[in-house]
Structures are given as structure tokens and as C-alpha cells.
Amino acid sequence: MLCLSALVAGVEGASAQDTTASGDQTTLIAKGRYLATAADCAACHTAPHGGQPFAGGYGIQSPLGTIFSTNITPSTKDGIGAYSEADFARAVRDGVAKDGTHLYPAMPYTAYAKLTDEDIAALYAYFMHEVKPVDQVSSKTELPFPFSIRASMAVWNLLFLDTDRYQPDASKSAEWNRGAYLAEALEHCSTCHTPRNLFMAETGSKALGGGSLGSWYAPNITSDKIEGIGGWSDDELTQYLKTGHVAGKAQAAGPMAEAIENSLQHLNDDDIGAMVTYLKDIKPVSSGEAKARFDFGQPSEQAEATLRGLPGQAPEQNGFAIFSGTCAACHQVEGQGNKAYPSLFHNTATGGDRPDNLISTIVYGLHRTVGDQTAFMPGFGTDIAYPTDRLSDKDIADVSNYVLAQYGNPALKVTEADVLRIRQGGDKPLIVKLAPFAAPAMTAVVVIVLGLIVWLVMRRRPKAALN
Ligand code: HEC
Ligand code: HEC
Ligand code: HEC
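Residues numbered from 1 in each chain as written. Chains lettered and ligands numbered in written order. Predicted model: local features only at pLDDT ≥ 70, side-chain atom pairs only at ≥ 80, totals over all residues. Heavy atoms only, no water.

Focus on the overall build of the protein chain
If you tally the helices and strands in the protein chain, you get 18 helices and eight strands. By residue count, 45% of the 467 residues in the protein chain fall in the buried class. When contacts within the protein chain are restricted to residue pairs at least 6 apart in sequence, long-range pairs at least 24 apart make up 64% of them. Per element, the accessible surface of the protein chain, about 23,400 Å² overall, is 58% carbon and sulfur. (Helix = DSSP H or I, 4+ residues; strand = E, 2+ residues; numbered from the N terminus. Buried < 20%, exposed > 50% of the residue type's maximum accessible area, 1.4 Å probe, protein only. Contact = heavy atoms within 4.5 Å. Areas by Shrake-Rupley, 256 points an atom, 1.4 Å probe, with all protein chains shown as cover.)

This is how it looks when you write it as C-alpha cells:
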């Protein structure tokens with residue numbers, strides 16, 4: 001049996017000389033700071049564009065509606081200043097706040113449930129002693145009925161929450177276990193990369209097999225050689241996790257760019273290495289595809305031909321016009337890219353079995369800062385940044401089809417409806433589609449129950465009258 005403390009060893013800032021009480025406390029806080037980065041608490045609890053650290057108020061777009069993160073600074077007025085370590089542990093691992101209200105799983109307690117007691121203690125020390133208290137009330141979450149009934153989360157937890165702490169696998173190395181602990185408990189990779197069932201709980205049998213986040217799609221990252229990351233070298237995977245860019249393979253946009261920016265780039269090399277070891281060894285998930293998504297396409301000669309005025313298909317003509325006017329300046333005429341901009345072939349966003357990330361990148365763009373380097377592509381689907389460059393849904397569908405036909409998986413086709421769906425946040429899960437019917441259904445139940453009560457009372461009354 002591996003010792004759990006082996007998993008949490010090797011934290012930066014820890015020093016063997018720190019034997020005094022205050023030294024221990026400093027070490028514990030430093031460890032907590034590293035763990036809070038690995039668990040990416042700031043991603044959700046700090047509002048973007050200059051929000052105060054950990055003061056909450058960031059609206060997370062969920063299929064159920066907007067869920068606001070709370071203030072987790074040690075403010076006794078508006079934050080968690082009055083939380084004991086046990087209260088903190090209960091909120092982070094069990095999803096229940098100090099006052100007993102259930103949290104929505106937008107707070108990834110389903111993953112944090114695996115955190116060890118030692119790590120909870122370090123996180124608590126960090127939040128109580130280093131994070132600056134901020135007196136600021138965060139916006140209130142108001143989901144539509146029936147999701148507004150937080151107590152229903154108790155039933156959901158009973159059905160889907162695995163309350164076990166991380167159990168080291170004694171048949172694997174300490175490095176593997178550290179990687180598993182980081183990926184499963186802290187970094188919560190599965191909350192994005194694992195598909196969800198009808199009730200939006202992760203499907204354990206397909207762990208890390210690929211999941212939809214609405215507009216973006218978090219691909220299969222199991223060890224499968226074709227559909228997962230089994231075909232990536234250890235170095236490529238390490239480089240991706242640290243920088244979000246592997247030439248001739250993949251770039252990180254959207255939520256993955258955020259995970260790298262806020263969390264992964266700050267992890268030490270041993271921890272990244274441990275995660276790579278773990279990912280390369282997990283159970284492959286496959287749906288039987290023949291070609292890896294990074295393997296599609298090549299430089300296009302047809303682009304040259306079209307450029308010289310040779311006839312093409314009608315939608316491709318508009319697609320090509322947009323490509324050459326809007327994309328080629330950076331990705332080059334034959335889609336081959338250059339040192340600063342990636343090629344559009346051998347690019348996981350244009351290969352594979354779905355165009356979601358291609359469409360989302362065109363609609364929302366890409367922004368990722370790692371160290372002092374920023375990768376930036378403007379979004380063409382929103383009118384915030386570049387109003388004059390805004391492309392219509394039809395334009396985005398046409399340029400997507402042009403890119404897929406020339407450089408990616410030509411079997412994929414994008415319609416205007418697909419672009420609209422992505423722009424509106426993607427497909428809604430069934431549970432959300434059914435929600436509008438929940439209110440009438442509940443009303444019907446209430447009416448029937450009321451009817452029964454009235455009927456029972458009416459039946460009794462004559463008797464009572466007779467007595
Ligand atoms: C993916 C987004 C996300 C991440 C990452 C995240 N949280 Fe949360 N957290 C939330 C949301 C959203 C809520 C509020 C949920 C609700 O209202 O039901 C919340 C609530 C909480 C609460 C309850 C606070 C209260 O008011 O009672 C605590 C404590 C907390 N988070 C701590 C943490 C810590 C510590 C981390 C990192 C280890 C973390 N969270 C990471 C989204 C997140
Ligand atoms: C907040 C959601 C989220 C989290 C958390 C997350 N990912 Fe991702 N990941 C994504 C999305 C979305 C993409 C697709 C990005 C793109 O193509 O631009 C992605 C892409 C990837 C890729 C590249 C796959 C490819 O074929 O291009 C790898 C590898 C990866 N993630 C590994 C991880 C690991 C390991 C973790 C945990 C340490 C993790 N991710 C956590 C959402 C997430
Ligand atoms: C101003 C330069 C610029 C323009 C214009 C531009 N891009 Fe990009 N594109 C980038 C950069 C930078 C990246 C990311 C590089 C990185 O992450 O290392 C990128 C990445 C991508 C990706 C990969 C995204 C992913 O998730 O893996 C695709 C696909 C893409 N661009 C398509 C397009 C299309 C189609 C157009 C035209 C509608 C376009 N780009 C216009 C600079 C640009």
C-alpha cells in the first residue's frame with residue numbers, strides 16, 4: 001500500500017529545515033497555494049477582467065442557466081471567514097455549504113471528493129491566512145424551476161457522487177499514483193473530458209473518452225492510439241500541457257486554454273511528468289475510427305488554383321473568398337501556417353469526427369498567455385472585438401466547409417444551423433429540454449393531490465355530520 005503522503009511530497013517552497021511552528025505553517029500555506037493553483041480555484045472564483053482574487057461573482061454558463069461562483073476569501077461578512085476546517089472540507093468535498101445548502105456541481109466537488117485530508121488542511125491554511133479578505137457579496141444564482149430546488153442535489157449526490165477519497169493503486173508506481181491524483185482530484189480533467197449521462201453525471205465506463213461542454217468539445221484523452229492521446233509522444237503531451245501548443249498537432253483554445261493559463265503552466269515538471277505517465281496508461285476508449293484527428297489533411301494545391309480564378313463549387317467560392325480575406329493572412333494561402341501561426345492540416349480542430357472546435361475557434365477566437373507569450377486569434381462570430389470583421393452564420397459555415405474540404409476531414413459538413421447552435425452555447429442536455437415540462441407536470445401532480453385531499457375530506461364530512 002502506497003503512503004498518501006508520498007503523493008503530496010515535492011511541493012515547491014517546502015524546506016526540511018522548517019521545524020518551528022511558524023515554519024510549519026509557512027510550509028503548509030505554500031503547499032496550499034500550489035494546490036489551489038493545481039485545482040484552479042481562481043478560474044471560477046475570480047471574476048474575469050480585474051475581479052478581486054477569490055471574491056467570486058463569475059457567472060458560469062451552464063446548460064441549466066448561469067451559476068455564480070461565491071466569495072471564498074476569508075471575509076467573515078461575505079466570504080468563508082467563519083468556516084471551520086470541517087465546514088471547508090464539507091463544502092469542497094461534499095458540495096454542502098456551512099448553512100447546509102447544497103452546491104451545484106458547477107463547483108467540481110465531484111472531483112475534489114478525492115482530495116486527501118492533508119491537502120484539505122493545506123488549502124484551508126492558504127485560504128484563511130494568505131488570501132486577502134474581500135467584503136463583497138457575489139451575485140445570487142437563480143436557476144429556473146425545477147433546478148432552483150437545491151435540495152434535489154442531495155438526491156443527485158446519492159445517485160452519482162463517489163464520496164471515496166483517492167485510493168492509491170498499489171500495483172502502480174508512486175509517479176503513476178501522483179499523476180492519477182493530480183488529474184482526477186485536483187486538475188479535475190474528467191469534469192470536461194468525460195461524457196455525461198442523461199442526468200449530467202460523468203459516465204465512469206468512458207472516463208476521459210471525450211465530452212461536450214456546449215460550444216467546445218473536450219476530446220478523448222485516453223491512451224487509445226487513434227482516438228485518444230496514445231499516438232502522441234511523451235514530449236508532445238508534456239509540451240501541450242505546459243504551453244497549449246504542439247506544432248503539427250494541436251493548440252489549446254477555449255476552456256483548455258484557461259486550464260493551461262491558470263493552472264497547468266504553473267505545475268512543476270515532476271507533476272506534469274506524473275500526469276503524462278498516468279494518461280498514457282489509462283483504459284483506452286474507442287468508437288472504431290480509422291484515423292487520428294491530428295493526421296488529416298495536407299497543404300492544398302487547389303487553393304492556388306482557385307486563387308488563379310479556376311472555378312470551384314458555389315459554397316466553396318464564398319468559403320474561399322472568406323478564407324483568403326480573413327484567414328490566409330495568418331494561416332497562409334495553403335493553410336500551412338508559419339512560425340507564429342499553426343497549420344490548418346495536422347490540426348486536431350480540423351480532423352476527427354466533429355467540427356465543434358473549428359466552429360468555436362472561428363466564432364470566439366483564441367487567447368492564451370503562457371509565460372510572457374500570448375497566442376491570439378480574433379473571434380469572428382461576436383461583435384465585441386472587431387465589429388467590422390464579424391462573419392454571418394452562413395459565412396462561418398462556408399469557410400468551415402472550405403477549411404474541412406481543403407485541410408481537414410472532408411467528410412464533415414457544417415450548416416448554418418450548426419453555427420447558430422454553437423453560438424447559442426451548444427446542444428442542451430435532455431434534462432434541460434424536459435425542464436419546461438416539469439412545471440406543468442408538477443402542477444398536474446399538485447392538482448391531483450389537492451383533488452384527492454378534497455375528495456377524502458368530502459367523504460369524511462357526511463360521516464362527521466352523521467356522528
Ligand atoms: C469550475 C468552477 C469552480 C472551481 C474550479 C472551483 N469552484 Fe468553488 N464553487 C464554484 C461555484 C459555481 C460555487 C457556487 C455553487 C452554488 O452556488 O451552488 C462554488 C462554491 C464554493 C464554496 C462554497 C462557498 C460558500 O459560499 O459556502 C467553496 C468553499 C468553494 N467553492 C471552494 C473552492 C475551492 C477551495 C476550490 C479549489 C480547490 C474551488 N472552489 C474551485 C465553482 C468552482
Ligand atoms: C474546463 C474544461 C477542461 C479541463 C478542466 C481540461 N480540459 Fe483538456 N481540453 C478541453 C477542451 C475544450 C479541449 C479542446 C481544445 C481545443 O482543441 O482547442 C481540450 C484539449 C485537450 C487536449 C488536446 C486534445 C487534442 O486532440 O487536441 C489534451 C491532451 C487535454 N485537453 C488534456 C487535459 C488534461 C490532462 C486535463 C487535466 C489536467 C485537462 N485536459 C483538463 C477542456 C478541458
Ligand atoms: C490574426 C491572425 C489569425 C487570423 C486572422 C486567423 N487565425 Fe486562426 N489562429 C491564430 C492563432 C495565433 C492560433 C493559435 C496558435 C496557437 O495556439 O499556438 C489560431 C488557431 C486556429 C485554429 C486551431 C484552434 C484549435 O482549437 O486547435 C483553427 C482551426 C483556426 N485558427 C482557424 C482559423 C480560420 C478558419 C480563420 C479565418 C476565419 C482564422 N483561423 C483566422 C491566428 C489567426
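Let's talk about the coordination of the iron atom of ligand 1
Coordination of the iron atom of ligand 1 by the protein comes from His45 (NE2) and Met107 (SD), over a distance range of 2.0 to 2.2 Å. Taken together, the six donor atoms coordinating the iron atom of ligand 1 span angles of 88 to 179° at the metal, a pattern that classifies the geometry as octahedral. Pair noted here: His45 is in helix α3 (residues 41–45) and Met107 is in the loop between α4 (85–94) and α5 (109–112), with a separation of 62 residues, a long-range link. His45 gets classed as buried once you look at its relative accessible area, which sits at 10%. (Donors = N, O, S within 2.8 Å, 3.2 Å for Na, K, Ca; no water. Tetrahedral: all angles 85-135°; square planar, octahedral: opposite > 155°, others 65-115°.)

Let's talk about the coordination of the iron atom of ligand 2
Around the iron atom of ligand 2, the protein contributes the donor atoms His193 (NE2) and Met256 (SD), at 2.0 to 2.2 Å from the metal centre. Here the iron atom of ligand 2 is ringed by six donor atoms whose angles at the metal span 88 to 179°, and the overall shape comes out octahedral. Within this pair, whereas His193 is found in helix α9 (residues 190–193), its partner Met256 is found in helix α11 (residues 254–262), the two being separated by 63 residues in sequence.

Some remarks on the pattern of salt bridges
In the structure shown here, the tally under the stated rule is 15 salt bridges. Arg33 is the salt-bridge partner of Glu130, the closest N and O atoms lying 2.8 Å from each other. Of this pair, Glu130 sits in the loop between α6 (117–129) and α7 (152–160) while Arg33 sits in helix α2 (residues 21–38), placing them 97 residues apart in sequence. Of the residues examined, Arg33 reaches a relative accessible area of 37% and is grouped as partly exposed. (Salt bridge = Lys/Arg side-chain N within 4 Å of Asp/Glu carboxyl O.)

Concerning the environment of Ala218
Assignment of secondary structure puts Ala218 in strand β4 (residues 217–218). If we ignore the near neighbours within four places in the chain, the residues touching Ala218 are Cys192, His193, Gly210, Gly211 and Leu213.

Things to note about the packing of helix α8 (residues 174–186) against helix α12 (residues 269–279)
Axis separation between α8 and α12 bottoms out at 7 Å; the angle between their running directions is 95°. On the basis of the axis angle, α8 is roughly perpendicular to α12. Here α8 contributes Glu175, Trp176, Arg178, Gly179, Ala180, Leu182, Ala183 and Glu184 to the contact with α12, which in turn contributes Asp271, Gly273, Ala274, Met275, Thr277 and Tyr278. The residue inventory of the contact of α8 with α12, partitioned by class, reads seven nonpolar, three polar and four charged. (Axes fitted to C-alpha atoms, helices over the stretch in contact; angles between N-to-C directions. Parallel < 35°, antiparallel > 145°, perpendicular 65-115°, else oblique. Nonpolar A, V, L, I, M, F, W, Y, C, P; charged D, E, K, R; others polar.)

Things to note about the site of ligand 1
Near ligand 1 lie 25 residues; those nearest to it are Cys41, Cys44, His45, Tyr83 and Met107. One of the side-chain N or O atoms of Tyr83 is found 2.2 Å from an oxygen atom in ligand 1. Within the backbone of Tyr104, a nitrogen or oxygen atom sits 2.7 Å from an oxygen atom of ligand 1. Mapped onto the shell around ligand 1, the elements with two or more residues apiece are α3, β2 (65–68) and α4. Here the residues of the shell around ligand 1 sort into 19 nonpolar, four polar and two charged. (Near = heavy atom within 4 Å. Polar contact = N/O pair within 3.5 Å; in protein donor to acceptor, adjacent residues only side chain to side chain.)

Some thoughts on the packing of aromatic side chains
In this structure the tally under the stated criterion is 15 aromatic pairs. Both rings, one in Phe320 and one in Tyr402, keep their centres 5.5 Å apart while their planes meet at 55°; by these two values the pair is tilted. Pair noted here: Phe320 is in helix α14 (residues 314–331) and Tyr402 is in helix α16 (residues 393–407), with a separation of 82 residues, a long-range link. Classification of Phe320 as buried rests on a relative accessible area of 9%. For Tyr402, a relative accessible area of 1% puts it in the buried group. Among the aromatic side chains, those forming a connected cluster through ring pairs are Phe54, Phe88, Tyr124, Tyr126 and Phe127. (Phe/Tyr/Trp six-rings, centres within 6.5 Å; stacked < 30°, edge-to-face > 60°.)

Focus: the pairing of β2
Two elements, strand β1 (residues 59–62) and β2, share four bridges in a ladder whose sense is antiparallel. Looking at the pairing, Ile60 lines up with Ile67 of β2. (Pairing = 2+ DSSP bridges.)

Topic: the side chain of Gln251
Relative to the helices and strands, Gln251 resides in strand β6 (residues 250–251). Of the polar contacts made by the side chain of Gln251, one reaches the side chain of Asn347; its length is 3.1 Å. Excluding anything up to four places from it in sequence, Gln251 contacts Tyr240, Gly244, His245, Val246, Pro342, Asn347 and Arg368.

Some points on the site of ligand 2
Inspection of the region around ligand 2 gives 28 residues, with Cys189, Cys192, His193, Met256 and Thr348 positioned closest. Residue His193 places a side-chain N or O atom 2.8 Å away from a nitrogen atom belonging to ligand 2. One of the side-chain nitrogen or oxygen atoms of Asn357 is found 3.4 Å away from an oxygen atom of ligand 2. Only α9, β4, α10 (234–243), β6, α11 and α12 provide two or more residues apiece to the shell around ligand 2. Here the element with the most residues in the shell around ligand 2 is α10; it accounts for three residues. A class-by-class count of the residues in the shell around ligand 2 yields 21 nonpolar, five polar and two charged.

Keep in mind these values describe shape, not function.
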